[in-house]
Amino acid sequence: MSDEPHPHHDQEHRRGSLPWGSLLRNGLLVVVLLIMLWLGFNVRLPSVGELQAQIEELGWVGVVAFLALYAAVAMTPIPVTIMAVTGGLLFGVIIGSVLSVAGVLVGCWGAYWLARGLGRGTVLKLLGEHARKVESNLQGAGFQAVCTLRLMPGFPYWPVNYGSGAFGIGQRTFLMASLVSTIPGQVALVAIGAFIAHPGVISGVIVACAWTVVLIMTVWAYRAWKGTSSHKLPGS
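Residues numbered from 1 in each chain as written. Predicted model: local features only at pLDDT ≥ 70, side-chain atom pairs only at ≥ 80, totals over all residues. Heavy atoms only, no water.

*Asks:* Honestly, the overall build of the protein chain in this entry has me stumped. Any pointers?
*Replies:* Counting its secondary structure elements, the protein chain contains 11 helices and zero strands. In the protein chain, the order of α-helices and β-strands from amino to carboxyl end is α-α-α-α-α-α-α-α-α-α-α. For the protein chain, the residues scored as buried account for 41% of the 236 residues in total. Nonlocal contacts in the protein chain, meaning residues at least 24 apart in sequence, comprise 74% of its contacts between residues at least 6 apart. Accessible surface computed for the protein chain: about 12,900 Å², of which carbon and sulfur atoms make up 67%. (Helix = DSSP H or I, 4+ residues; strand = E, 2+ residues; numbered from the N terminus. Buried < 20%, exposed > 50% of the residue type's maximum accessible area, 1.4 Å probe, protein only. Contact = heavy atoms within 4.5 Å. Areas by Shrake-Rupley, 256 points an atom, 1.4 Å probe, with all protein chains shown as cover.)

The following block contains the structure:
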C-alpha cells in the first residue's frame, strides 16, 4: 500500500473542514454592525454646552478625554462636527485645531485597520448604502480620491476610512491624504466654536477664511482627481 497522500482524500478533507476565516469575519461583522446600530440609536452625544462643561471639570485630564472621545466618535457613523466645534469652544482655534485633527486622524486610522482585518466582503456589507459609491471611487484609486471624498460636502468620514482599508489604499497614502484633507474642515469647524465662545471681528474673519480654504481645497482635490489640475495636491 502506498504511503503517498491521495489528492482526492485531501480535497474531501478540505471540503469537510469548517471555513474558520469566513466564520470569524462574519462574526466580527455582526459584532461591528450591532455596536454601530446601538450607537446610532441609543447614544446621543451631549450638547455642545454640556460637553464643554464636562470636559472643563476634568482639568488637564480633559485634554486626554477629548482626544480619546474624538477618536472613538471618528470610528463610528456618529458625525464628528460637535466634537470639532467643542474643541473650538474649549481650547480656541490653534489648540482646538491641533487636538481635533489629532483625534480625528487617530480614529480614522483605527477604522482603516479594522477594515483591513474584516476584509473587503465584510466591509461592503458594513458600508450599506455607501458601498457602491465608496467601491467605485476607491477601488484602485489613491491620494486624490481619498482627499476628494473627505472634502466632499455631506459625505461622512467613516465610509472613507473603512473603504480605504478594504480596497487596498496604502497606509501612507491614506494617512497623508487624510491629514491634508481633514485639516481645512477641522479648522473651519473649530473656528465656529471659537467664534461662539468669543464673538468678534478677528474670529469672524478666521471662520470666513477657513471655509474659503475648504471650498478651494474641495475644487482643487476634485480637479486633481480627474486629472484637470496643473498643480498637485500637497503631499501627493
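*Asks:* I tried to follow a nonpolar patch on the surface on my own but got confused; where do I start?
*Replies:* Where nonpolar side chains cluster on the molecular surface, the patch consists of Leu58, Trp60, Val61 and Val64 and spans about 430 Å² of accessible area. Under the relative-accessibility criterion, Trp60 is labelled exposed at 68%. (Patch = residues over 30% accessible without salt bridge, like charges linked within 9 Å, V, L, I, M, F, W, Y side chains within 5 Å. Salt bridge = Lys/Arg side-chain N within 4 Å of Asp/Glu carboxyl O.)

*Asks:* Just checking my understanding: could you explain the packing of aromatic side chains for this structure?
*Replies:* Evaluation of the coordinates by the stated rule reveals six aromatic pairs. With 5.7 Å between their ring centres and 90° between their planes, Tyr112 and Trp113 make a pair best called edge-to-face. Residue Tyr112 is classed as buried on the basis of its relative accessible area of 0%. Both rings, one in Tyr112 and one in Phe174, keep their centres 4.6 Å apart while their planes meet at 20°; by these two values the pair is stacked. A residue pair is termed long-range when its members are at least 10 positions apart, and Tyr112 in helix α5 (residues 81-118) and Phe174 in helix α10 (residues 171-197) qualify at 62 residues. Within the aromatic cluster, the residues linked to one another by ring pairs are Phe66, Tyr70 and Phe91. (Phe/Tyr/Trp six-rings, centres within 6.5 Å; stacked < 30°, edge-to-face > 60°.)

*Asks:* Would you mind going over the environment of Gly163 with me for this structure?
*Replies:* Summarising the element assignment, Gly163 is placed in helix α9 (residues 157-166). Among the residues examined, Gly163 registers a relative accessible area of 0% and is labelled buried. The spacing of Gly163 and Leu138 is 25 residues in sequence and 7.0 Å in space, taken between C-alpha atoms. When neighbours within four sequence positions are excluded, Gly163 is seen to be in contact with Val123, Val134 and Leu138.

*Asks:* Can you walk me through helix α8 (residues 143-151) in this structure?
*Replies:* Residue pairs spaced three or four apart in an α-helix point in one direction, given the helix's 3.6 residues per turn. Here α8 lies mainly inside the structure; eight of its nine residues are buried. If you check which residues of α8 are buried, you get Phe143, Ala145, Val146, Cys147, Thr148, Leu149, Arg150 and Leu151. Buried-residue contacts for α8 involve α5, α7 (131-138), α9, α10 and α11 (201-226).

*Asks:* Can you help me understand the confidence of the model for the protein chain in this one?
*Replies:* Predicted coordinates in regions of low pLDDT should not be interpreted in detail. Per-residue pLDDT for the protein chain averages 79, and the proportion of residues at 70 or more is 78%. Counting interchain partners and residues more than four positions distant, the pLDDT-below-50 stretch residues 7-15 has one contact. (pLDDT = per-residue confidence, 0-100.)

*Asks:* Just checking my understanding: could you explain the packing of helix α4 (residues 61-74) against α5 for this structure?
*Replies:* Helix-helix packing is characterised by the crossing angle of the two axes and by the distance between the axes. Direction vectors running N to C along α4 and α5 enclose 50°, while the axes themselves pass 8 Å from each other. Judged by the inter-axis angle, α4 sits oblique to α5. Viewed along their axes, α4 and α5 form a crossing whose handedness is right-handed. Split into classes, the residues belonging to the contact of α4 with α5 amount to 16 nonpolar, five polar and no charged. (Axes fitted to C-alpha atoms, helices over the stretch in contact; angles between N-to-C directions. Parallel < 35°, antiparallel > 145°, perpendicular 65-115°, else oblique. Left-handed = near helix turned anticlockwise from the far one by under 90°. Nonpolar A, V, L, I, M, F, W, Y, C, P; charged D, E, K, R; others polar.)

*Asks:* What is the right way to read helix α6 (residues 120-127) from this model?
*Replies:* Among all positions of α6, only Thr122, Val123, Leu126 and Leu127 are buried. The buried residues of α6 occupy an angular sector of 135° when the element is viewed end-on, so they sit on one face. Gly128 sits one or two residues past α6 and shows a positive phi near 60°. (Arc of directions from axis to C-beta.)

*Asks:* Help me out: how do you make sense of the nonpolar core in this one?
*Replies:* Core analysis: the largest hydrophobic core is formed by 49 residues, its most contacted members being Leu127 and Tyr162. Contributing elements (two or more residues each) for this core: α4, α5, α6, α7, α8, α9, α10 and α11. For this core, the leading source of residues is α5, giving 13 residues. Aside from chain neighbours lying at most four places away, what touches Leu127 is Val134, Trp158, Pro159, Tyr162 and Phe167. (Core = buried A, V, L, I, M, F, W, Y, C linked by side-chain atoms within 4.5 Å.)

*Asks:* Explanation requested: the pattern of salt bridges in the structure shown.
*Replies:* For side chains bearing opposite charge, pairing can occur when the charged atoms are close. Scanning the entire structure with this criterion turns up one salt bridge. One salt bridge connects Arg120 with Glu135, and the closest N-O pair in it is separated by 2.7 Å. Residue Arg120 is located in helix α6, and its partner Glu135 is located in helix α7; the two are separated by 15 residues in the primary sequence. Arg120 sits in the partly exposed class, given a relative accessible area of 39%.

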